[in-house]
Number of protein chains: 2
Amino acid sequence: MERHFDQELADLKENLLRMAGFTEQSVAQALKALVQRDDALAKKVDADDATLDKLEIEIDDRCIKLLALRQPTATDLRFITMAMRLSGELERIGDQAVNIAHRAEELNREPLLKPLVDIPRMAEHAQGMIHDSLDAFVYAKPNLAREVIKRDEKVDLLNRQLHRELTSFMIEDPHTITRCLNLMSVAHNLERIADHATNIAEDIVYLYEGRDIRHQNE
Amino acid sequence: MERHFDQELADLKENLLRMAGFTEQSVAQALKALVQRDDALAKKVDADDATLDKLEIEIDDRCIKLLALRQPTATDLRFITMAMRLSGELERIGDQAVNIAHRAEELNREPLLKPLVDIPRMAEHAQGMIHDSLDAFVYAKPNLAREVIKRDEKVDLLNRQLHRELTSFMIEDPHTITRCLNLMSVAHNLERIADHATNIAEDIVYLYEGRDIRHQNE
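Residues numbered from 1 in each chain as written. Chains lettered and ligands numbered in written order. Predicted model: local features only at pLDDT ≥ 70, side-chain atom pairs only at ≥ 80, totals over all residues. Heavy atoms only, no water.

With that settled, the discussion passes to the relation of the copies chain A and chain B. Overlay of chain A on chain B (RMSD 0.0 Å): rotation 180°, translation along the axis 0.0 Å. On this basis, the relationship between the two copies can be described by a two-fold rotation axis. It is A:Q71 whose C-alpha, among those of chain A, lies nearest the rotation axis, at 2.7 Å. When the interface residues of chain A are mapped onto chain B, 100% of them are again interface residues, pointing to one common binding face. (Least-squares fit on C-alpha atoms with pLDDT ≥ 70 in both. Contact = heavy atoms within 4.5 Å.)

Let us now look at the interface of chain A and chain B. Taken together, the 36 residues of chain A in the interface contact 36 residues of chain B. Of the roughly 2,900 Å² buried at the junction of chain A and chain B (both faces included), carbon and sulfur atoms supply 60%. A:R92 is the salt-bridge partner of B:E89, the closest N and O atoms lying 2.9 Å from each other. At the junction of chain A and chain B, the tally comes to ten residue pairs in polar contact (both at pLDDT 80 or more). It is helix 6 (residues 177-209) of chain A that contributes the most residues to the side of chain A that touches chain B, nine residues altogether. Across the side of chain A that touches chain B, the residue classes tally to 14 nonpolar, ten polar and twelve charged. (Buried area = accessible area lost by both parts, 1.4 Å probe. Salt bridge = Lys/Arg side-chain N within 4 Å of Asp/Glu carboxyl O. Polar contact = N/O pair within 3.5 Å; in protein donor to acceptor, adjacent residues only side chain to side chain. Helix = DSSP H or I, 4+ residues; strand = E, 2+ residues; numbered from the N terminus. Nonpolar A, V, L, I, M, F, W, Y, C, P; charged D, E, K, R; others polar.)

Right, let's talk about the environment of A:R121 for a bit. All names here are of chain A. Examined against the element boundaries, R121 turns out to sit in helix 4 (residues 118-138). When the C-alpha atoms of R121 and L158 are compared, they prove to be 8.7 Å apart, with 37 residues separating the residues in sequence. Setting aside its immediate chain neighbours within four residues, R121 contacts K154 and L158.

This part covers the pattern of salt bridges. Two side chains that carry opposite charge are able to pair once their charged atoms sit near each other. Here the structure, examined in full by the defined rule, presents 40 salt bridges over all chains. Note that A:E56 is salt-bridged to B:R214, the shortest N-O span being 3.1 Å. Within this pair, whereas A:E56 is found in helix 2 (residues 39-70), its partner B:R214 is found in the segment after helix 6 (177-209), the two belonging to separate chains. On the basis of relative accessibility, which here comes to 5%, the residue A:E56 falls in the buried class. Exposure remark for B:R214: the relative accessible area of 10% places this residue in the buried category. Between B:E8 and B:R70 there is a salt bridge; the shortest N-O distance is 2.8 Å. (Buried < 20%, exposed > 50% of the residue type's maximum accessible area, 1.4 Å probe, protein only.)

Here the focus is the nonpolar core. Among the nonpolar cores identified, the biggest contains 144 residues, and A:I80, A:M170, A:L190, B:I80, B:M170 and B:L190 are the most heavily contacted of them. With sequence-adjacent residues up to four places away left out, B:M170 is seen in contact with A:M170, A:I177, A:L181, B:T176, B:I177, B:C180, B:L181 and B:M184. (Core = buried A, V, L, I, M, F, W, Y, C linked by side-chain atoms within 4.5 Å.)

Once that is clear, we can look at the packing of aromatic side chains. Across all of its chains, the model carries two aromatic pairs over all chains by this definition. Look at A:F79 and A:F137: their rings are 6.2 Å apart centre to centre, the planes differ by 20°, and that puts the pair in the stacked class. Taken as a pair, A:F79 in helix 3 (residues 74-107) and A:F137 in helix 4 lie far apart in primary sequence, 58 residues in all. You'll find A:F79 and A:F137 in the same group, each marked buried. Over the ring of A:F137 we find A:K13; its NZ or CZ atom is 5.2 Å from the centre of that ring. The ring of B:Y206 carries the charged tip of B:R85 above its face, separated from the ring centre by 5.5 Å. (Phe/Tyr/Trp six-rings, centres within 6.5 Å; stacked < 30°, edge-to-face > 60°. Lys NZ or Arg CZ within 6 Å of the ring centre and 35° of its normal.)

On to helix 2 of chain A. If you check helix 2 of chain A, its first and last C-alpha atoms are 47 Å apart, about what 32 residues at 1.5 Å a residue would give, namely 46 Å. One or two positions beyond helix 2 of chain A, positive phi appears at A:Q71, with a value near 40°. (Expected span 1.5 Å × (residues − 1).)

Written as structure tokens, this is what we have:
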């Protein structure tokens, strides 16, 4: 019985990592669709989202069954409740990727406003935060997770800078308004992806240290 | 022992409803701060958010303790896992109220763009959705929850209409740009509040019918 439960937990972890890999791919493809002005790829991100939705429901269902049948305590219980939160965060990151893909399709209907520099930079930060929070999970490194949390501020700052810059653009030349609004929206989506990565990192600290550190940096 | 556990579940429900009441109040005050141009009230919404953060952590901690000590099954297990999701949704609604309060403070620095009509209308819909999803919880009415889910579309539509209207305003008169951006942001926050109310309604259907209906309407 013990051995079987260990295997179920290992399967759960594997499913989470599969979902995480899929999420990272959606974000990467949404950004590629934006930068390379690729409508077909944008549509793929939109279509793929159903897989993430399905994975979320499957993982949560598995977690509730484990809670009911195995009645876990201590670390196993923390792992299972954390898994339910993590699946939700990953699904929400996927939704942000879909939003970016939609904005990319709208931006592709007009000429390029200017070479994209700040958005790929923001994206690199946000993607790094997702990646490292997942590494903190896989390699049981709560300190890496704590370090991810600190990086959220940088993405917020980049978002505010970009918001100001794009506002100036709009005021100078009203022809750029719809493009600037779409770019603002992408920056906002990236800022929220970084927020979700921060939530994941907080969950990882909770998993490995048993401490709930949410809302301490607000 | 059984009796004591029933009391613990009743306490948990009471805490959730207390948190829900507080959340509804924050949303109402943020909108009042916007409509009545009341900076002091906007600051109060911002300050009060710490209470919601604290309630979320307390409720989740209580849930995990109940899972560990009581090892519930069936309906009780569903109730406890739903409670953890609900506290998260309420906390996120509170964050949206804080965003609205911040936008109100920025809007108060400039003259009124035009009388606010559409935003209070959107707000009424979003607040009604929170209220009814909580009623569905209190009075065990999954059908009311299903009806709330259908109303989300209306709020999305109002948000898109307002986005288009405000974009036209900006193009016609660039002096209105910063005000229009703040109003767009408020509309977006209301749209997200309606999304969270939809999530709550889905959780309530799950609680009372045992069916996970998330992502079916996307």
